[in-house]
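Each chain, letter by letter, is given below.
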Amino acid sequence: MQQSGGALRRIAYAVSILATVASLACLVLMVLHFGYDNPAWRSAQLMGAIRGCQGIFIIDVIAGLLVRHDRSARRTQTVRIIAAVLLLLTLAAWIYPQPRHPWIPWLRAILYSRTFLFGVLSAYAVLKLSYGLMTLVGRRTNPSLLLSASFLFFILTGSLVLMLPRCTTVPLSYADALFVATSAVSITGLTPVDVAATFTRPGLAVLAVLIQIGGLGVLTFTSFFALFFSGSTSVYNQLLIRDLVYSKTMNALIPTLLYILAFTATIEAMGAAAVYITIPDSLGLDVTDKLIFAGFHSLSAFCNAGFSCLPDGMANPALMADGAGLYTVTSILIFAGAIGFPILVNFKDILKSKIRRVWARLHRRKADVPLHLFDLNTKLVLVTSTAILAFSTVAFLCLEYHNTLEGLSLGDKINQAVFNSLTPRSAGFVSLDPGSFLPLTLLLVIVQMWIGGASQSLGGGIKVNTVAAIFLNVRAIITGRHRAWAFDRTISIGSIRRANAVIALAVAAFVIFTAIELWLEPTLPIKSLVFEVISALFTVGSSLGATPELSDASKAVLSVAMFIGRVGIISLLAGLAGTRSDCSQYLPQESIIIN
């Protein structure tokens, strides 16, 4: 009996591996089915292959319920049960002829539709691949390399999908497709093509998926699906996920993960509703186009991606004349996405603490109150971000008052000053031509592009946290203090060292990529190329108009810059270097002259 049970488990394990491979094949087949105008015979072949994947999925579900019943009873989660039930429903619709006179017409319309079938198969395939990826993480794969590889996988996959005939109105070269896919996954916003004129609705949907994946991170998505699909993971796996979602304890892992995803979905949905309401009638959009624009724009703004599906983007003349509300909503979404998920998690902890205190008072009990509700990271980010935004808004308003802001009312000038002080931080939307800015304004924009948003946020740059740590360290050195401090707390030496490394590597990367671009594009203005490199490396998305004029080689170089800017230079180098023994603590110490 034991040998028979062991054989059945090995068979179930083999089926599970086969289902994982079929998951990837199923997604590819569905892309080919929807992406091309296939003749009838080819559609039939693709549909037959998709049906084969469906059969493998059903066998995997049955094997999981029968052979691994003891473990499934303890570990199976709601998502897994739902996926199994839906798959079995697709089997019933497959083998049972469609009734002519159904009891429930709308139920028949759902069960026998291709949309239902492809939706269920896609969901199960994503769940299965997510579980496989997190199993790979559980084998102690280098997290930095895994993160980089996952981004690279979606960039390459997205570049191929964007070239499908149904995604574009005109043929798209692979260099442009790769550039746009990299820009979307790295949430940069640079593009050599007109998004509104080039991509169809399916193409915009693909762009939206790439932006969302790049914004939240591949491993955040896969962690969510894998945990809910399998029910548990290894300790190493949970430690990695905890660092990804900024949870302080293992017990808060699932709530924190749910909070981040729910907060993102809620803000993007509320943002879409606000955008829809503020779309001016002068744009001439029908209801469908308004819904598409609202959803896409809210996603792009919150993720700080900078893509727009509107002709001329945020510089559309009708929008400039009658879209003040839309600029305000966009500014709020950009700021919300740029403050960072750790701050959002800290806000959640503060809210929970407040609720506990109120509950304890109602029941006349003493509640445990944390010594510091706002942690140091939250205070530094909020204070520094607000100070930078206030200064840059006033400076932009004063500098461009009689230049690019000429002819606008005072209210519109302030609105545009706030908007154009937020977008260089990483969003990349353009309402005013940067090429028309005064030289001093352009310098202000470049500095903001260099700083970017907060750490672990949807913003780019070297991060607000890094700038704050460096300035606090400079203040400590000038005042003769041994440690940098703020808000009655000292900053760890490790944080200061990492901030120094980020700035040094950012400067080195900027010099290297700028030198390469100047070598590849000797005929383009130096100012435009420098601006282009800064925009790509710090994932901003603004341009002085040089992007469409770049050669394929230059586009490839900037694609690498955007990729490095998204995954992080330190993370990438640390992953490539690997873990090595540290013998520096045993070496003698000696000072060098720093002056």
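Residues numbered from 1 in each chain as written. Predicted model: local features only at pLDDT ≥ 70, side-chain atom pairs only at ≥ 80, totals over all residues. Heavy atoms only, no water.

### Here we look at the confidence of the model for the protein
Interpretation of the predicted coordinates at a detailed level should be avoided for regions scoring low in pLDDT.
Alright, step 1. In the predicted model, the protein carries a mean pLDDT of 80, and the fraction of residues at 70 or more is 80%.
Alright, step 2. Per-element mean pLDDT across the protein ranges from 44 in helix α3 (residues 69-75) up to 91 in helix α20 (residues 439-451).
Alright, step 3. Counted against residues more than four places away or in other chains, residues 69-76, with its pLDDT under 50, gives 8 contacts. (pLDDT = per-residue confidence, 0-100. Helix = DSSP H or I, 4+ residues; strand = E, 2+ residues; numbered from the N terminus. Contact = heavy atoms within 4.5 Å.)

### Digging into unusual backbone geometry
Alright, step 1. If you check the backbone angles, N304 has positive phi at about 60° while not being a glycine.
Alright, step 2. Tracing the chain through its elements places N304 in the loop between α14 (287-302) and α15 (317-322).
Alright, step 3. When its relative accessible area of 1% is taken as the criterion, N304 is described as buried. (Buried < 20%, exposed > 50% of the residue type's maximum accessible area, 1.4 Å probe, protein only.)

### Structural notes on the side chain of Q448
Alright, step 1. Mapped onto the elements of the fold, Q448 is located in helix α20.
Alright, step 2. There is a polar contact of 3.3 Å between the side chain of Q448 and the side chain of S392.
Alright, step 3. Polar side-chain contacts of Q448 include one of 2.6 Å to the backbone oxygen of S421.
Alright, step 4. The contact partners of Q448, leaving out residues within four places of it in the chain, are S392, S421, P424 and R425. (Polar contact = N/O pair within 3.5 Å; in protein donor to acceptor, adjacent residues only side chain to side chain.)

### Here's the deal with the packing of helix α18 (residues 376-400) against α20
Alright, step 1. Interaxial distance between α18 and α20 falls to 10 Å at its minimum, and their mutual angle equals 160°. What the angle tells us is that α18 and α20 run roughly antiparallel. Where α18 crosses over α20, the two elements pack in a sense that is left-handed. Facing α18, whose interface residues are I388, F391, S392, A395, F396, L399 and E400, α20 presents L440, T441, L444, Q448 and I451. (Axes fitted to C-alpha atoms, helices over the stretch in contact; angles between N-to-C directions. Parallel < 35°, antiparallel > 145°, perpendicular 65-115°, else oblique. Left-handed = near helix turned anticlockwise from the far one by under 90°.)

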